[in-house]
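Architecture and fold: a report
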Amino acid sequence: MSDLISIRRELHQIPELGYKEFKTQAYLLEKIRSLPQEHLEIKTWKTGILVRVKGLNPKQTIGYRADIDGLPIAEKTAYPFASTHEGQMHACGHDFHMTIALGALEKLAYKPTDDHVLFIFQPAEEGPGGAEPLLQTNEFKAWKPDNIFALHIAPELPVGTVASREGLLFANTSELFIDLEGKGGHAAYPHFTHDMVVAASYFVTQLQQIVSRRINPLDSAVITIGKIEGGTVQNIIAEHARLEGTIRTMSPEAMKQVKQFIENAARGLELGHECKVSIDYGANYHQVTNNGELVDRFAEVTLDQGFTYEQAPPAMTGEDFGYMVKEIPGFMFWLGVDSEYGLHHAKLKPDEKAIGVGVQLVESMIRKWRG
Ligand SMILES: CC(=O)N[C@@H](CCC[C@H](N)C(=O)O)C(=O)O
């Protein structure tokens, strides 16, 4: 295996959406099976993979998780190894996450540590979520780790710098799908219709007022509408419109409040615009809460390895890894990859030098787990 840059590029070419990571799973299995098998046990779950490296004198199991899905984004990097899957891209760094996990797994396969180490290649992080259902499976429960960790690439940090923090690192998230049903008609006769393009436009701005006027300013929240759909042609008043977005909060309580305010506003919209509003919250992710002791140990390991450790601020990004650290003490850290364009951007270009840094830190952290 070992040529991690080629592996990253090959993975980059085949991004697949949640639970459709068939080529990715086959690719990863081929690489995993090319390693010395003496200490490895392999299971699959849906499009994910669990690999346990049996410890030499095990007292515990350490878990390391990498997510494997891509995003529905048309790539604009101009890489010679750009995505071959039209409209899909590894724009959140999961190609890096998988490659780093393979690199660390290779090191452990050749030289196991005392404890068991469970590598988790998890599907569907971007949606609808793979961590929560995986935790419920017998496959996972049989190898359940005592502690767990993971990384996420950070475009705004330089290569060689990592960041983390005790407590909340990533926010609570909920997807948001809103359908508006009114009454369509001729563009020249608005008074005979209930126009859902107007209602949807009004509602998008009203949602922003929930954050600025209803939520305590000391309790941060975000409501983003990323997609609006409605109408048929330019001279027909739209009978239907759909908004798609996401909610982010720093606590589960604030999430409940935001949802209640959205529902109240929806009832107002129904009255004011004579329409029917249906709300679906899709996938919800629990916040990522880092264990302080493990973060402190990771900071020491980072400095020992000659890299830079920074205190991270909490972020409004979401991660279904939050469900894992809710059950299993663990942490996540940001790995600097120095890209001009950020996460979920069609021109995201993480610096491949960060792959070596990631492998070195993940391996060192595992080997230093017992102190
Ligand atoms: C790290 C990252 O970017 N994660 C995603 C998680 C998506 C959760 C869900 N599909 C949603 O949109 O709410 C993020 O967008 O933060």
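Cut-offs used in this document
Residues numbered from 1 in each chain as written. Predicted model: local features only at pLDDT ≥ 70, side-chain atom pairs only at ≥ 80, totals over all residues. Heavy atoms only, no water. Near = heavy atom within 4 Å. Polar contact = N/O pair within 3.5 Å; in protein donor to acceptor, adjacent residues only side chain to side chain. Areas by Shrake-Rupley, 256 points an atom, 1.4 Å probe, with all protein chains shown as cover. Helix = DSSP H or I, 4+ residues; strand = E, 2+ residues; numbered from the N terminus. Pairing = 2+ DSSP bridges. Axes fitted to C-alpha atoms, helices over the stretch in contact; angles between N-to-C directions. Buried < 20%, exposed > 50% of the residue type's maximum accessible area, 1.4 Å probe, protein only. Right-handed = clockwise from strand over helix to strand, strands pointing away. Domains from an automatic or database assignment. Contact = heavy atoms within 4.5 Å. Buried area = accessible area lost by both parts, 1.4 Å probe. Salt bridge = Lys/Arg side-chain N within 4 Å of Asp/Glu carboxyl O. Nonpolar A, V, L, I, M, F, W, Y, C, P; charged D, E, K, R; others polar.

A closer look at the site of the ligand
The ligand sits among 13 residues. The nearest are Glu126, Glu175, Thr246, Arg248 and Gly318. The contact in question runs from an oxygen atom of the ligand to an N or O atom on the side chain of His344, over 3.0 Å. For the ligand, the accessible surface in isolation is 410 Å², of which the surrounding protein chains cover 91%. Contributions of two or more residues to the shell around the ligand are made by strand S8 (172–181) and strand S12 (240–249).

Regarding the sheet that holds strand S3 (residues 61–67)
Strand pairs in the sheet, formed through backbone hydrogen bonds, run parallel or antiparallel to each other. With respect to topology, 8 strands assemble into an open sheet ordered S1-S2-S4-S3-S5-S17-S6-S16, the strand pairing being mixed. The open sheet has two edge strands with one neighbour each: strand S1 (40–45) and strand S16 (308–311). The average angle at which neighbouring strand axes cross in this sheet is 25 degrees, direction not considered. With 7 bridges connecting them, strand S5 (residues 147–154) and strand S17 (residues 330–336) associate as parallel partners. Across the sheet, the residue bridging to Ile148 is Gly330, located in S17.

Points about the pairing of S3
Across the 7 residues of S3, 7 count as buried, placing the element largely inside the fold. Neither face of S3 is open: one carries Thr61, Gly63, Arg65 and Asp67, the other Ile62, Tyr64 and Ala66, and all of them are buried. With 7 bridges connecting them, S3 and strand S4 (residues 116–122) associate as parallel partners. By the bridge assignment for S4, Ile62 is matched with Val117. Where the polypeptide runs from S3 across helix H3 (residues 94–110) and back to S4, its parallel neighbour, the crossover connection is right-handed. Of the pairings in the sheet, the one linking S3 to S5 comprises 4 bridges and is parallel in character. Directly across from Tyr64, in S5, lies its bridge partner Phe149.

Focus: the domain arrangement of the chain
Per the domain assignment, the segments of the chain are domain 1 (2–169 + 287–367) and domain 2 (172–284). Taking the mean C-alpha position of each, domain 1 and domain 2 sit 35 Å from one another. Taken together, the contacts link 11 residues of domain 1 with 13 residues of domain 2. Summed over both sides, the interface of domain 1 with domain 2 buries roughly 780 Å², with 60% coming from carbon and sulfur. Taken together, domain 1 and domain 2 are joined by 0 salt bridges. Summed over the shared surface of domain 1 and domain 2, the result is 3 residue pairs in polar contact (both at pLDDT 80 or more). Within the side of domain 1 that touches domain 2, the residues separate by chemical class into 6 nonpolar, 4 polar and 1 charged.

Things to note about unusual backbone geometry
Trans is the prevailing form of peptide bonds, just as negative phi is the prevailing case for residues other than glycine. In the segment running from Gly127 into Pro128, the intervening peptide bond is cis, with an omega of 0 degrees. Residue placement: Pro128 occurs in the loop between S4 and helix H4 (131–135). One non-glycine residue with positive phi stands out, namely Ala78, at about 65 degrees. Structurally, the position occupied by Ala78 is in the loop between S3 and H3. Positive phi is not limited to glycine here, since His344 has a value of about 65 degrees. Within the secondary structure, His344 sits in the loop between S17 and helix H10 (353–367). Of the residues examined, His344 reaches a relative accessible area of 42% and is grouped as partly exposed.

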